[in-house]
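One letter stands for each residue in the lines below.
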Amino acid sequence: MKLEIFNTGDAARLDAGEIDLAIAGYLASAAAGDVTALFDLGVAYSTGSNGVTCDLVEAHKWFNLAASRGHEEAGWCRADVADEMTAREIAEAQRRARRWLAEERRAA
């Protein structure tokens, strides 16, 4: 069984048995508006920890969302990750962040 987390793309697809409880908790908290959870998702994707594959596009997306809500360290991490990305990857990360925000608004 495959799960797609917030329609984030192929990198976020995990077998249901592989989803780390920490990631599931971060996702639930992020959906509830927890800025620290957004940052923690960025850390997980930037380091490939907690059962997710290292994915700088996803990391940038989560850091961007956290930074946009006032998490200062997330802005620094987003800049560090962006240094390793192409302009096309950054644009994709921004598109995913906008999509996540739109889905969040629809759910509210």
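Please refer to the structure higher up on the page.
Below, the structure is looked at part by part. (Residues numbered from 1 in each chain as written. Predicted model: local features only at pLDDT ≥ 70, side-chain atom pairs only at ≥ 80, totals over all residues. Heavy atoms only, no water.)

### Regarding the overall build of the chain
- Check the secondary structure of the chain and you find five helices and two strands.
- Counting the 108 residues in the chain, one finds 36% classified as buried.
- For the chain, the share of sequence-separated contacts (at least 6 apart) that also reach a separation of at least 24 residues comes to 55%.
- In the structure as shown, the chain presents an accessible area of about 5,800 Å², 51% of it carried by carbon and sulfur atoms. (Helix = DSSP H or I, 4+ residues; strand = E, 2+ residues; numbered from the N terminus. Buried < 20%, exposed > 50% of the residue type's maximum accessible area, 1.4 Å probe, protein only. Contact = heavy atoms within 4.5 Å. Areas by Shrake-Rupley, 256 points an atom, 1.4 Å probe, with all protein chains shown as cover.)

### Quick look at the environment of Gly42
- Along the chain, the position of Gly42 falls in helix α2 (residues 35–47).
- Between the alpha carbons of Gly42 and Ala66 there is a distance of 8.5 Å; along the sequence they are 24 residues apart.
- When residues no more than four places from it in sequence are discounted, the contact partners of Gly42 are Ala59, Trp62 and Phe63.

### Some words on the pattern of salt bridges
- Across all of its chains, the model carries five salt bridges by this definition.
- Note that Arg69 and Glu104 form a salt bridge whose closest N and O atoms lie 2.5 Å from each other. With a gap of 35 residues between them, Arg69 in the loop between α3 (56–68) and α4 (72–82) and Glu104 in helix α5 (residues 87–107) connect regions that are remote in the sequence.
- Assessed through its relative accessible area of 29%, Arg69 is described here as partly exposed.
- What you see here is one network of salt bridges that share partners, running through Glu58, Lys61, Glu92, Arg95 and Arg96. (Salt bridge = Lys/Arg side-chain N within 4 Å of Asp/Glu carboxyl O.)

### Structural notes on the packing of α3 against α4
- Where α3 contacts α4, the two axes come as close as 8 Å, and the packing angle between them is 155°. Relative to α4, the element α3 lies roughly antiparallel. For the crossing formed where α3 meets α4, the hand is left-handed. In this structure, α3 uses Leu56, Ala59, His60, Phe63, Asn64, Ala66 and Ala67 to contact α4, whose residues at the interface are Ala74, Gly75, Cys77, Arg78, Val81 and Ala82.
- Residues of the contact of α3 with α4, tallied by class, amount to nine nonpolar, three polar and one charged. (Axes fitted to C-alpha atoms, helices over the stretch in contact; angles between N-to-C directions. Parallel < 35°, antiparallel > 145°, perpendicular 65-115°, else oblique. Left-handed = near helix turned anticlockwise from the far one by under 90°. Nonpolar A, V, L, I, M, F, W, Y, C, P; charged D, E, K, R; others polar.)

### So, the packing of aromatic side chains
- Taken as a whole and assessed by the stated rule, the structure comprises two aromatic pairs.
- Judged by centre distance (5.5 Å) and plane angle (75°), the rings of Trp62 and Trp100 are edge-to-face. Here Trp100 lies in helix α5 and Trp62 lies in helix α3, a separation of 38 residues in the sequence. Judged on exposure class, the residue Trp62 and its partner Trp100 are both buried. (Phe/Tyr/Trp six-rings, centres within 6.5 Å; stacked < 30°, edge-to-face > 60°.)

### Let's talk about unusual backbone geometry
- Not every positive phi belongs to a glycine, and Asn50 is a case in point at roughly 60°.
- As for its placement among the helices and strands, Asn50 is situated in the loop between α2 and α3.

### Digging into the environment of Glu103
- With respect to the helices, strands and loops of the structure, Glu103 is situated in helix α5.
- For the pair Glu103 and Ala31, spaced 72 residues apart in sequence, the C-alpha to C-alpha distance is 9.8 Å.

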